[in-house]
Structures are given as C-alpha cells and as structure tokens.
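Structural features, examined
The primary structure of each chain is shown beneath.
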Amino acid sequence: MTQSKKLLLIDGNSVAFRAFFAMHQQLESFVSPDGLHTNAIYAFNNMLDIILKEVQPDYALAAFDAGRTTFRTAQYADYKGGRSKTPEELSEQFPYLQELLKDRGITPYQLSNYEADDIIGTLAREADEQAWDTSIVTGDRDLTQLTSDHTTVVITVKGVTQLEKYTPQHVEDKMGIKPSQIIDLKGLMGDTSDNYPGVTKVGPKTALKLLDEYGSIENLYDHVDEMKKSKLKEHLIEDKNQAFLSKKLATIDRHAPLTLGLADIPYTGDHLEELAEFYRKLNFKSFLNKLQPAAGDDGANPFAGQLHEYTELTAANLAAALKPTAPQAFEIEMLDDNYHTSPIVGFVLGTPGHWYVSSQPELLQTDAMHAWLADESRRKYVFDGKRNYVAANRMGGHLQGLEFDLLLASYLLDVNNNSNDLGEIAHSYGDMDVQTDAEVYGTGAHRSMPEDANVFYQHLTQKAAAIYQLEPDLYQKLKDHEQDQLFRDMEMPLSVVLAEMEIAGITVDAERLKKMGAEFQQTLKVLEEKIYNEAGEKFNINSPKQLGVILFEKMNMPVIKKTKTGYSTSVDVLEKLKSYSPIIDDILNYRQIAKIQSTYVEGLLKSILPDHKVHTRYLQTLTQTGRLSSVDPNLQNIPIRLPEGRKIRQAFVPRQDGWEIFSSDYSQIELRVLASISGDTNMQEAFKEGRDIHANTAMKIFGLDDPSQVTPNMRRQAKATNFGIVYGISDYGLSQNIGISRPEAKRFIAAYFEQYPQVKEYTEKSVQIAREQGYVETLFHRRRYLPGIHSKNFNVRSFAERTAMNTPIQGSAADIIKVAMINMQQALRAEGLQATMLLQVHDELIFEAPSAEIETLKKLVPKVMDSAVKLAVPLKVESAYGPTWFAAK
DNA sequence: GGAATCACG
DNA sequence: ACGTACGTGATTCCG
C-alpha cells in the first residue's frame, strides 16, 4: 500500500500579518544589517520550523494575495474597503519572505484577480480528489470552511507558533456549525474586517440560531414567508440580496484558473547553501546555527565542513592509537541518558587526522586502554567528563587527565544554552560539521543504532573533531569572561567528585520501603472510602478536574482560585475550605499519602539497582543559578518537613553494618552571602555575634529592644521577610506568604530596608548592573544573562529584576558548596578515611562512614565547609549522624 | 506533551 | 495598572 501524499498550503499574507503583529514589540530589535525590518520573516520562519516538522509534506505552496482588485471587488466595490494600508515595515518584508520560502523548498505563488484563499481552495480540492492529506496554515478562521476528511486547517493563535487544528469535527464543536455552513453564517452576519454587511441586526447568535433551524441561506429564504411576523423577518426580507451577495463573497473559489498544478509544487526541503546565505544576510544567527544537513543525507555538507577520516580500532592498532602525547579527544558512546545503566555502544579517541573508532566496548577493558585512561599526563578533551568517567569506571577504567570538557565550558559561557547535545552546542558556536544525536539515533522509542556502521563511526569521528576544534575558541571565551578559573578549578574537578559520588550511590533498604508502602496502601484505602462516602459517589481523587466538580459544583463550595483549565484544588485553596466539610481534611491527607506512595515508595523502589543502591545523576549544566539538580531518582527532594514523609529517610542506610550516615549543612548560607556581598553592617553584625538572624530581624522591624520580646509569630514573619529579600521582594508576594495585607507587607519591607540599608542598596545595584551589562555574576564569576531586564512587558521585566537580585545570592552559595565538595574529597583522601561523600542537597553534604570515623568527621567536615571561602561573616556548619538518613538530622 | 500538584533547598 | 515570590524533578491526568 502506498502512503497518501501530504500537501502543505500556507496562507502567506495572513500568516505574515499575524507574524508581524505578534512580534510588533520587537520591531526595532529585528533589523538586518541593511536596515530591513525582519520581525515578520523571523516569526514566519519559526512557524515554518514547527509545521514542516509536524506535517513533513511531499508538496508545498504558500499563496499570496496579488493585489487589491480581485473578482470580488468587481462584485462588490467596497470589498475589503476601509482597510488601513499595510505598514511599510511589513510590506518591505514580503519580497524576502518569498525568497525565504523558496530557500526552504516551498513554492510561493500569487494569481492576479484572485486571493490567496482561492488558490488554496483550488489546490486543496485537487488534492482532496486524489485523497491526499492536506494541511492549510492560516490566521483566518474563515478558511475552516475548507476542512474535510482529508483537509485540516491549522489556525495560528497567539502569535504564530501556537497552532490550533481544525477538523470538520473540531469546527462543529467550536463553532456549532458544519464547515460548509461557515459561508451561510458570514452571509447572514457579514464581516466587518472584509467590509461587507450581512442582514441588519443579525449577529453571530441570531445567525447560528437561524442556521440551526434552516441549515442554509437558500433554505431559509425558501421558508421565510412561513416565519412569524417579527422585526427579524422584516430585516431578512429587506436584506435578502445582501445576504446572498455576502455569502458569495465569503465563498472561496475552488476552481480558480491556476497556472500551476500539484505536480509543479513538490516540497524540496531546505536549500542549504541559499538558506545559509539568506540567514547571514538577515543576521539570523540562531537559525543559521540550527541549520544542518538533514538526516539521511548522503553526507554532502555545504558548510566548509569536512568529513574526517577514521580508522577502526583493533587489538593490532591500539598501541598506535594511544601513542600521541598531544591531548586527545575521547568519548564513550551510550544511547540512553542514564549512563549508569545504558549499554555502551562504542567509543572514539584521537587527534586531528588520526581518529580511531570502535563499536567494541570490550576494548575499553584492555590493559592498554586502562593504562591510557588512568595516565594523568595523557590529557583528554571530552564532552561531559562525568558521563565518560562513569562509563570508563563500568569498564574497569579510571579516567584521569581531563583537560577540557566542552559541555561544562558551554554551560558556563551561557547558562541559557543548557543543551546536553554535542551537535546542538557545536552548532551554536558555528561548527556545523557534526549532527545531533537525535538526527543520528532518533528520539524516544525510535532511538537506535544506525543500520550502517559507517554512519555511526562517522558520527563519533565528527564529535571528537568538533570537541577538538572548539576547544581553543571556547577556552578563550572563558578567559574573556574571567571564567577560566571557575572552569578549570571548580567545574572541571567537581565533575570528577560528582562522578565518584554517583558511582558510590546510596544504599536503600527496599524491604523497609515495601513495608511502609503496605501501610500507606491501607491508609489510602480507608481515606478513599471515606472520601467517596462524603462525596456521595466514586470519582478519581487524583484528578483535579473531577475533584473540582465534586467540591465546587456538587458540594457548592466557594471557588477560591481558578487555573487556566478550571478550578484550582491546590493545598492553599483546600486549607481555606476546611470549615465546609470534613471531606477537605481527608482529601489533604489522601494527597499527602498518595504523593509519598507514588513518588517516594514506588518511584524509589523502581530505581534501586541490583547492588541495593540508587545512583542518582547530578545535572551539572542545567540550572540558571549554578546549583546542581538531581534526577533518576531525584535525591534532593526526599521529604523532611512532615513526619509521615520524613519516615522515607529511614530507608536510606549505610552500605554496611557498623557504619552510619553523617550529614552537615550550612546554616543560613544565603543570608550570610547576602550580608557579605551587600556589605550591610547591621546584618553582618548579627552573624558575627552569632545571633538568631530571624529573631534579630524581628527585633529590628518591630522596633523591639530585647530578644525576649520577640514572639514566635514575629519571628515567623521576619523569617519570611528575610526569604523574600533573597527572592527579590515584592509587597504582594510577602503578603501572600505570611497572610497579611499588602500595605502591611509594604511597611515590613520599608522597615526592613531602613534597618538593613546596604541590603537595599544591593538590590538596587544588582538591577542596575543587569541593565548596564546585560548579566549578573556570582562571587566566582558565574554569569547569568537577563535579556528580560529591558522588556516593555511588566511581568517579564519584573521577573528579570528579581532574578538579578536572587541569582548572585543563590549562585554564590552554590559556588561555595562546590568548592567545599572538591576540598572535601581531597581531605577524605588525605586523611585516609573510608568515609564516602554520597549526596549534596544544595546546602548540605551527606556521607556514610564507619562509626569509628564519626568523631573525626565531626571536626573535619565543618572545618572544610566553613573554610571553603572567606566571607565578611563566618560560615556556620551544623552536623548530625545516625544509623539512617532519618536519624542524621 | 502540557498542566496541575507537591516534594526539596 | 500591570500580577508575582527564587531554584529544581516526578507523578498523574487528560486532550
């Protein structure tokens, strides 16, 4: 069976208009070197990326209007009259838009006397007759009259990159009429934007009612005499001609005399060289970077790039391959993200001109490879050293001598560019010679080795070559940013520390978890029954939608908050509903236990490997602030705040009897960082004197003389205010958080800034710096760009301002614990301890150790942590230990 | 695949 | 007037 052909038809004018106005705000920032406005072209191209990927057409055309005069203006002179002139900033973009379309393999077309709609209608009809599948993209809902079993109309909503698909069914659901009735609707109600009238006093509601009853304008007028006497009837009779004319105007001509046919418009894909030239001309860097040869190309590569030659590694040539003393690129290949468990499919190493590839992981286990891996003097260039370290470890090797990690370098240069794909990153630095993994291996369920081994080898080779080629450029950029130390002395060594922590893993007592799971199961069952009783019916408690119906419709509780999709049923909402019914408490309990059960009992059990441990992966190049994140499983959000959840920690145990879990955390590290970098003398004094910072703040903002006057509630509010400052305060946010009025929150903040004046200066200075240089930095020159700081959109700009205040604080705290971790691994080794660092949870480090080493750790760990950096205030570290993680707190 | 919810610092 | 706290990840539902 042959698959039916796919046709893509684009309403060029309509989409261009939408594109132009969607990016109207950015009009003046999208200007080519020649002074041409490019915002519409840019947004149009974004839409193309999306729709081409989705439709994958065999044939494609973009239709444009030929001018103002058409056969419709002949029928009705004022058709589309009164429209204001197309802005010059847009009309100048049309010729380029057509050039873009050609370069993207899509035929642009216009026909004098006809509108784009008619071209589209005609081709869609021809395609329909051959049972092709057609997608029509437009911003104009009128085109939904063309929907059929084979034709889908895709409407751009909210800009041009959000698309809504209309099938005949969707048209009916959304508009209440069949696609064929749209022209009747327009006939009755007219169209103000196209400037033709319908029947007097008939709007959408009346028109829909009439169509519901009569089906079409023709049938309506056949029976108009039978209607009861009414104003409506008079208008209908009066405006009969107008109604028929309007229907005619609204009807798309599906037999326009086109000068081309379907056979003339094959979709030819990106014409890479022309397209690259076009992007360069318009200064479209991001599109240029995304540009690459399509997968399955015969390797032809128009971008200067070369395909590097390679040699397949064998036992015989291994020695020769390992001989060069210059730094070598090295990469172990795995297809799954989780490198702790993914099969290893091959590896590559070498220097330019001498690339060696292999699809035999066993070679990594040879003595020769082991010696080379462990030889610190043999420097290695890698992409994601941590991943390679773990993989080498699985092959019995110890990867040392890491000199340059492309992934870490690109992350530090711009944390927004947090791709994990070598190809994508290389492209963003202008190296187009390497494909992305998605292109070579596919994604999701389709991910697999290429059929042709040479494709695999070539990909490995191109990756290694890209690392080598980009190294000098990126290292220079790091130096330009004053980030070479951060890179060399912090992130690079940390990647090895993290690899060792991940490999160590933490032991989980599965039996313990299962026992807890059984108990939770019982509790859930009881709660479930109770909730069904109270609701008077069974429903899915896990479905916020169904729960909303029960609470707010059936039980008539007041709606406190709405979400995009319906009623909010989140904790803060439910808390406010407690007095209405005991069902609320049961739901809250159910939610709490269900969360623990699904995420922490069942979820955790799934990640335990045969060694009885879980081996998380720390993502070192993800967060915008420099923190780590933890996945598969996430060990940075194990419950602690509520007693039921906290019990989960009883399942985290040392790897052998006679050992314990030891934990140390920084106390108030973010506020200490704030005190230090703001230079605020009052806040510094509080820390230097070892005072309770929240109580101290309470005394200051409530104007008390003595700590004994601070009530628990005052301290709670002061604490929230301290947090608020760190997050980039707003009176509204604070008022919400501690349940006070907005003016009160405002007074709090004013009092706070009066007491800590240099903190106020710090917040103002941070925003100022972001405005002036476009980015903010941490103590160690970690950088975050904040393009939103100049936005005209209040929300976007406000967010950037809060981020400007928060990132140096959160990020510097992240820097500090990273330094501590590197020093800690060093210290444990130097002291010859068996103690092993296992986990990092942002401001705490968790170890396992023989009981006999606990006394040593109690001194050593805090010492290493509080001496990681020298701030203007002391760092305080608190420790605890016990037989499980539960006890170590 | 997005939205809602909730776990952590 | 705008409409919010900063940084994350996993699970579930549902179109």
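This structure is a prediction, so every number in the text was calculated from the model and none was measured. (Residues numbered from 1 in each chain as written. Chains lettered and ligands numbered in written order. Predicted model: local features only at pLDDT ≥ 70, side-chain atom pairs only at ≥ 80, totals over all residues. Heavy atoms only, no water.)

**Observations regarding empty space enclosed by the protein**
Under the defined criterion, the tally for this structure stands at one cavity of 30 Å³ or more. Taken as a whole, the largest cavity encloses approximately 40 Å³ of empty space. In terms of residue class, the lining of the largest cavity is built from three nonpolar, three polar and two charged. Both domains that furnish three or more residues to the lining of the largest cavity are identified here as domain 4 (507-614 + 623-649) and domain 5 (654-680 + 757-889). (1 Å grid on protein atoms, 1.4 Å probe; cavity = no way out; pocket = protein on both sides within 12 Å on 5 of 7 lines; lining within 4 Å. Points joined across faces, edges and corners; volume = space filled by probe spheres on them. Nonpolar A, V, L, I, M, F, W, Y, C, P; charged D, E, K, R; others polar. Domains from an automatic or database assignment.)

**A closer look at the packing of helix H28 (residues 669-678) against helix H34 (residues 757-773)**
With their axes 9 Å apart at the nearest point, H28 and H34 run at an angle of 85 degrees to one another. One finds that H28 runs roughly perpendicular with respect to H34. Note on element contacts: H34 touches H28 through Gln758, Val759 and Tyr762, opposite Leu674, Ile677 and Ser678. Residue composition of the contact of H28 with H34, grouped by class: four nonpolar, two polar and no charged. (Axes fitted to C-alpha atoms, helices over the stretch in contact; angles between N-to-C directions. Helix = DSSP H or I, 4+ residues; strand = E, 2+ residues; numbered from the N terminus. Parallel < 35°, antiparallel > 145°, perpendicular 65-115°, else oblique. Contact = heavy atoms within 4.5 Å.)

**Let's talk about the protein's contact with DNA strand C**
Around DNA strand C, 36 residues are found, and the nearest of them are Ser543, Lys545, Ser629, Asn634 and Tyr732. At 3.0 Å from a base oxygen of DNA strand C is found a side-chain nitrogen or oxygen belonging to Ser730. Within the residue set of the surface near DNA strand C, elements represented by two or more residues are helix H24 (544-554), helix H26 (583-607), strand S18 (629-631), helix H31 (712-727), helix H32 (731-738) and helix H35 (794-830). Tallying contributions element by element places H35 first for the surface near DNA strand C, with six residues. Its residues assigned to classes, the surface near DNA strand C comprises ten nonpolar, 19 polar and seven charged. (Near = heavy atom within 4 Å. Polar contact = N/O pair within 3.5 Å; in protein donor to acceptor, adjacent residues only side chain to side chain.)

**So, the environment of His781**
Counting through the fold element by element, His781 comes out in the loop between strand S21 (775-777) and strand S22 (783-785). Linking His781 and Gln483, residues 298 residues apart in sequence, is a C-alpha distance of 6.1 Å. Residue contacts for His781: discarding those within four places in its chain leaves His481, Glu482, Gln483 and Leu486.

**Structural notes on the UniProt feature "domain: DNA-directed DNA polymerase family A palm" (unreviewed entry) in chain A**
Following the UniProt record, one finds the feature "domain: DNA-directed DNA polymerase family A palm" (unreviewed entry) at residues 645-853. The annotated region residues 645-853 carries 58% helix and 14% strand content, and the separation between its end C-alpha atoms amounts to 29 Å. (UniProt positions renumbered as here; feature names shortened; annotations may be inferred.)

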